[in-house]
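Residues per chain, in single letters:
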Number of protein chains: 2
Amino acid sequence: MTETRQPHVVVLGAGFGGLEFCKHFRHPRAHVTLVDRTNHHLFQPLLYQVATAGLSAPEIAQPVRAILSDHPHITSLLDKVVDFDLANRRVLLEENTLTYDYLVLALGSRTGYFGHPEWEQFAPGLKTLDDALQIRSRVLLAFEKAETTLAAAGDESLMTFVVVGGGPTGVELAGALAELTRTVLRRDFRRIDPSRARIILIEGSPYVLSHFPTDLAQSATEQLKRLGVQVRTSTRVKDIRRGEVELDNGEVIRAENILWAAGVSANPLTKKLGVELDKAGRIKVAPDLSLPGHPEVFAIGDMALVMNPDGRQVPGVSPAAMQMGRHVARLISDELDLGPNRSPRPRFVYWDKGTMATIGRSAGVAMIGKLKMTGFPAWLAWLLVHLIFLIGFRNKIAVLIQWAYSYFAFKRSARLITYLPPDPATNNHD
Amino acid sequence: MTETRQPHVVVLGAGFGGLEFCKHFRHPRAHVTLVDRTNHHLFQPLLYQVATAGLSAPEIAQPVRAILSDHPHITSLLDKVVDFDLANRRVLLEENTLTYDYLVLALGSRTGYFGHPEWEQFAPGLKTLDDALQIRSRVLLAFEKAETTLAAAGDESLMTFVVVGGGPTGVELAGALAELTRTVLRRDFRRIDPSRARIILIEGSPYVLSHFPTDLAQSATEQLKRLGVQVRTSTRVKDIRRGEVELDNGEVIRAENILWAAGVSANPLTKKLGVELDKAGRIKVAPDLSLPGHPEVFAIGDMALVMNPDGRQVPGVSPAAMQMGRHVARLISDELDLGPNRSPRPRFVYWDKGTMATIGRSAGVAMIGKLKMTGFPAWLAWLLVHLIFLIGFRNKIAVLIQWAYSYFAFKRSARLITYLPPDPATNNHD
């Protein structure tokens, strides 16, 4: 690249990694184009609260261009990536073709079904706002159907919820569903008793939250059971059909709502890059996060398989994606200043600030350094951390009020059944 | 009906009229069944704020069964009315058949297209939450397309918005769209200038808000123009096609977004009752709001054509529907106490507390008794009245914060493009 031309940095994806890059990359000469297929940045860690009627969609999502309003060197485009032309440094979008000097891949992950894509229609995952709004409608509709439909009397499957996968998302979903049925909905029905709903959490390994130390994982299982969740560990799913989950022990559970929280895989676009991928489709990046053979292309967040110097894999969590975004922002900015004579690039090192998961009202587990917490303190720590990192001043206030309201009033404010697209897996409600 | 059996009151529709009936009807012996095809009561006067990204859906809608949680004598059913059997005092629903002693019809109105139902696909109306969420997505998407699509350069129609109908909904929509483009979106785009968007309001009569006195209607027109809305009065729509409005003077306006706020008609189920209807499908009720020949059936709200003693028609506004709901609640309760020996029933009289409409930031018109207001005082009065009547303590606080945020920060918090169903009238965005 020459000095006379404005260097162009293209960022694909406005999740935690891509957005953090954009916020920290400021270079007097460079221009940035940020591409996302939605118009909003999503605070994914709170998505399960939209799915369980605790928060409204706008409270956890903000328009990308509003976040970057004060960054005149960034152009934000609503467009979809179609293909890459790495040799000619071009990205092909549906509506545009962009030529770059640097490319930052931050397209995140998708729900993965372990080679069973046909399960998706019967067991939706939770990755986008639309996913969350549809799950919310379907969960609430199950209770409405049980109350309204005389034919449903005695049909236990309407009030049975199966959550597949005992990672943070599955645990949070199961806990929130238990609370919804045990407290929020309890007094609002006349013919059915929502507190008798069954919430079944299925996990293949011996513990839920298996990335935590065993004592914390055990505590999480206990806390879930206390909330009324049936926890089935060391249990795998053999098949999922319409309204039915078949387990590896042959048992069949009939459930109107089956929610999938068991696996993620990198955005399938990684397959178009012609570089080495791991089993989950993640790019095996160099220590500086660049693509092998393409020092001008970087992959960050859930798209990248990154190893820490200690040989442990960097987890697919938002703090890691954000640290990667800052690392690449600094690296590109330095390189633009120093010119093409490359000094050895710094390697990325993940700094683990701690891990936490909420389970429900006053329940959770957290590990910050050597400090382990369970129950109320863990829940409070989770609350504070998520409020601090939630983007946008107004959103923080609004979410704080919602949470205070839910906590003290035992109510949820977003119990709306709105648009349900026609779906073969569910009765259409028009 | 005999003393030994529990009298059954069936209420169809959980809008302002039906809900107000339920809240005020308390009789020691009677049981009430409330039927609605959605699970929420909608605060329709604020629907245009959801459509223009100012408020989130849960802020203006509450689950019906949560509102009636403390009324154990009321059963709430999510079901759809299919037909009536007035002779046998039965209502046929999709999932249930209900036998009643008293029936309260409160099914409201629909968007009416003056005999042109084919216009609906090109010019959506604003009656339900789904309508509002779709309009929000389409309006925001137009700007995204203008910014993203190189082919759209110079295509004025993407940033042209036509609102058909200069009643309160049309005026509020046009004003809110003008504000959205002039203030909120102004700094967020790089290739287009949203403040150059054209907002065109079309009204057949010589003034907008023609139910107000002429001086107020004139003021409303002036205030709209000051916000940047092109107001075309004494202008009628001849035809609506995909992305095009043809006016009666032959002019054709190309616009990606055409919004319909020109007409309402009563719920078409009124046709199944076998009673006399007016042109808009409303039931010509007796002075006590009962159906002629069916003293046990009442129609309230937008379904009913009601004349005040002075010969003027009661307007189709929420205070009128609520007053009718209370009137019928009192009437049935008294009659259950006094038994079958009917004294002459009291007639319904509408008490007009005033009329107001907001136009935009610090703009509006209001008439309370003989007192007329325009501009900031009218806007402030509108704000207070709508906050007071908004159902639900938490919603009031949340809406107040949103409004304060929008007013002082010139921002809107619900700028989300979410699920857009496939529609022949729009490019599908998946």
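Residues numbered from 1 in each chain as written. Chains lettered and ligands numbered in written order. Predicted model: local features only at pLDDT ≥ 70, side-chain atom pairs only at ≥ 80, totals over all residues. Heavy atoms only, no water.

J.: So what's going on with the overall build of chain A? Residues and values would help.
T.: Per the secondary structure count, chain A includes ten helices and 25 strands. Taking 430 residues into account, the globule formula puts the C-alpha radius of gyration at 22 Å, and chain A, at 23 Å, falls close to it. Its C-alpha atoms give chain A principal-axis dimensions of about 75 × 50 × 45 Å. Across the 430 residues in chain A, those meeting the buried criterion constitute 59%. In chain A, 65% of the contacts between residues at least 6 apart in sequence involve partners at least 24 apart. Carbon and sulfur atoms make up 53% of the accessible area of chain A, which amounts to about 17600 Å² in all. Computed over 49 positive and 44 negative side-chain charges, the separation of the two mean positions in chain A equals 4 Å. (Helix = DSSP H or I, 4+ residues; strand = E, 2+ residues; numbered from the N terminus. Rg over C-alpha atoms; globule rule 2.2 N^0.38 Å. Buried < 20%, exposed > 50% of the residue type's maximum accessible area, 1.4 Å probe, protein only. Contact = heavy atoms within 4.5 Å. Areas by Shrake-Rupley, 256 points an atom, 1.4 Å probe, with all protein chains shown as cover. Lys, Arg positive; Asp, Glu negative; His and termini not counted. Charge placed at Lys NZ, Arg CZ, Asp CG, Glu CD.)

J.: Mind laying out the interface of chain B and chain A, listing which residues take part and the relevant values?
T.: The interface is formed by 56 residues belonging to chain B together with 56 residues belonging to chain A. Taken together, both faces of the contact between chain B and chain A bury some 5000 Å²; the carbon and sulfur share is 53%. Summed over the shared surface of chain B and chain A, the number is six salt bridges. Across the pair B:Glu147 and A:Arg65 runs a salt bridge, and its minimum N-O distance is 3.9 Å. Here chain B is connected to chain A by 24 residue pairs in polar contact (both at pLDDT 80 or more). Of all the elements in the fold, those that place two or more residues in the side of chain B that touches chain A are α3 (57-60), β4 (61-63), α4 (64-67), β5 (74-78), α5 (129-148) and α10 (393-409) of chain B. Classifying every residue of the side of chain B that touches chain A gives 24 nonpolar, 15 polar and 17 charged. (Buried area = accessible area lost by both parts, 1.4 Å probe. Salt bridge = Lys/Arg side-chain N within 4 Å of Asp/Glu carboxyl O. Polar contact = N/O pair within 3.5 Å; in protein donor to acceptor, adjacent residues only side chain to side chain. Nonpolar A, V, L, I, M, F, W, Y, C, P; charged D, E, K, R; others polar.)

J.: Please give an account of the side chain of B:Arg345 that cites residues and values.
T.: All names here are of chain B. Position of Arg 345 relative to the elements: it lies in the loop between α8 (318-338) and β23 (355-360). Within the structure, the side chain of Arg 345 is placed 3.0 Å from the side chain of Asp 288, a separation counted as a polar contact. There is a polar contact of 2.8 Å between the side chain of Arg 345 and the backbone oxygen of Pro 295. If we ignore the near neighbours within four places in the chain, the residues touching Arg 345 are Tyr 102, Asp 288, Ser 290, Pro 295, Phe 298, Leu 331 and Glu 335.

J.: Requested: an account of the packing of helix α1 (residues 16-24) of chain A against helix α8 (residues 318-338) of chain A, with residues and values cited.
T.: Residue and element names in this part refer to chain A. Their axes nearest at 7 Å, the elements α1 and α8 cross at an angle of 35°. α8 is crossed by α1, and the crossing has right-handed handedness. Together, Phe 16, Gly 17, Glu 20, Phe 21 and His 24 of α1 and Ser 318, Ala 321, Met 322, Gly 325, Arg 326, Val 328, Ala 329 and Ile 332 of α8 make up the contact between the two elements. Residue classes in the contact of α1 with α8 are distributed as seven nonpolar, four polar and two charged. (Axes fitted to C-alpha atoms, helices over the stretch in contact; angles between N-to-C directions. Left-handed = near helix turned anticlockwise from the far one by under 90°.)

J.: Could you give an account of helix α1 (residues 16-24) of chain B, naming the residues involved and the relevant values?
T.: Among the nine residues of α1(B), seven are classified as buried, and the element is accordingly described as predominantly covered. The complete set of buried residues in α1(B) reads B:Phe16, B:Gly17, B:Gly18, B:Leu19, B:Glu20, B:Phe21 and B:Cys22.

J.: A description of the packing of aromatic side chains should follow, citing residues and the corresponding values.
T.: Inspection of every chain in the model, using the stated rule, returns 18 aromatic pairs over all chains. Ring geometry for A:Phe376 versus A:Trp379: centroids 5.6 Å apart, planes at 35°, classification tilted. Highlighted residues: A:Phe376 and A:Trp379, both in helix α9 (residues 375-389), separated by three residues, approximately one helical turn. What makes A:Trp379 buried here is its relative accessible area of 11%. Aromatic side chains B:Phe21 and B:Phe25 sit 5.2 Å apart centroid to centroid with 15° between the ring planes, which places their arrangement in the stacked category. By relative accessible area, B:Phe21 is classed as buried at 0%. (Phe/Tyr/Trp six-rings, centres within 6.5 Å; stacked < 30°, edge-to-face > 60°.)

J.: Lay out the pattern of salt bridges with the relevant residues and their values.
T.: What the rule picks out here adds up to 36 salt bridges over all chains. In this structure, the salt-bridge partner of A:Arg326 is A:Glu20, at a minimum N-O distance of 2.4 Å. Of the two residues, A:Arg326 is situated in helix α8 and A:Glu20 in helix α1; the sequence distance between them amounts to 306 residues. Residue classification places A:Arg326 among the partly exposed residues on the basis of a relative accessible area of 24%. Accessibility expressed as a relative area gives 8% for A:Glu20, which makes it buried. The salt bridge involving B:Lys238 is made with B:Glu246; its shortest N-O contact spans 3.5 Å. Salt bridges sharing common partners tie together A:Lys238, A:Asp239, A:Arg241, A:Glu244 and A:Glu246.

J.: Just give me the short version of the sheet that holds strand β25 (residues 371-374) of chain B, but keep the residues and values in it.
T.: Note on sheets: strands pair through backbone hydrogen bonds, and any given pair is parallel or antiparallel. All names here are of chain B. A sheet is described by the order of its strands in space; here three strands give the open sequence β23-β24-β25, paired in antiparallel fashion. Both edges of this open sheet fall to β23 and β25, since each of them pairs with a single strand only. Pairwise comparison of adjacent strand axes, ignoring direction, gives a mean angle of 5° for this sheet. Running at roughly 165° to strand β24 (residues 363-368), helix α7 (residues 214-226) makes contact with β23, β24 and β25 of the sheet. (Pairing = 2+ DSSP bridges.)

J.: Before we move on, could you go through the confidence of the model for chain A and cite the residues and values that matter?
T.: Residue and element names in this part refer to chain A. Looking at chain A as a whole, the pLDDT averages 90, with 94% of positions reaching at least 70. Below pLDDT 50 for its whole length, residues 422-430 participates in 17 contacts with residues either more than four positions away or in separate chains. This complex was scored by the predictor with a pTM of 0.90 and an ipTM of 0.88. (pLDDT = per-residue confidence, 0-100.)

J.: So what's going on with the sheet that holds strand β15 (residues 244-247) of chain A? Which residues, and what values?
T.: Residues and elements named next belong to chain A. Overall, antiparallel pairing links the three strands, which are arranged β14-β15-β16 in an open sheet. Strands with a single pairing partner mark the edges of an open sheet, and in this sheet they are β14 (237-241) and β16 (252-254). Each strand axis lies, on average, 20° off the axis of its neighbour in the sheet, ignoring direction. As defined by bridge partners, β14 adjoins β15 across four bridges and the pair is classed as antiparallel. Residue pairing for β15: Ile 240 is matched across the bridge by Val 245.

J.: Residues and numbers for the relation of the copies chain B and chain A, please.
T.: Superposing chain B onto chain A requires a rotation of 180° together with a translation of 0.0 Å along the rotation axis, leaving an RMSD of 0.0 Å. The superposition of one copy onto the other is thereby described by a two-fold rotation axis. Comparing contact sets, 100% of the residues at the interface of chain B also lie at the interface in chain A, consistent with an isologous, same-surface contact. (Least-squares fit on C-alpha atoms with pLDDT ≥ 70 in both.)

J.: Describe unusual backbone geometry, naming the residues involved and giving the relevant values.
T.: Positive phi, close to 50°, is recorded for A:Arg89, a residue that is not glycine. The phi dihedral of B:Ser234 is positive, around 50°, even though this residue is not glycine. With respect to the element layout, B:Ser234 can be found in the loop between β13 (229-232) and β14 (237-241). Judged by relative accessible area, which is 47%, B:Ser234 ranks as partly exposed.

J.: Residues and numbers for the environment of B:Gly175, please.
T.: Locating B:Gly175 in the fold gives a position in helix α6 (residues 168-184). Once you skip the residues sitting within four places of it in the chain, B:Gly175 turns out to touch B:Leu224, B:Leu227, B:Val229 and B:Ile359.

J.: Run through the pairing of strand β17 (residues 257-260) of chain B, naming residues and quoting values.
T.: All names here are of chain B. Neither face of β17 is exposed, since Asn 257 and Leu 259 on one face and Ile 258 and Trp 260 on the opposite face are all buried. Across four bridges, the pairing between strand β11 (residues 160-164) and β17 is parallel. Its bridge partner being in β17, Val 162 is matched across the sheet by Ile 258.

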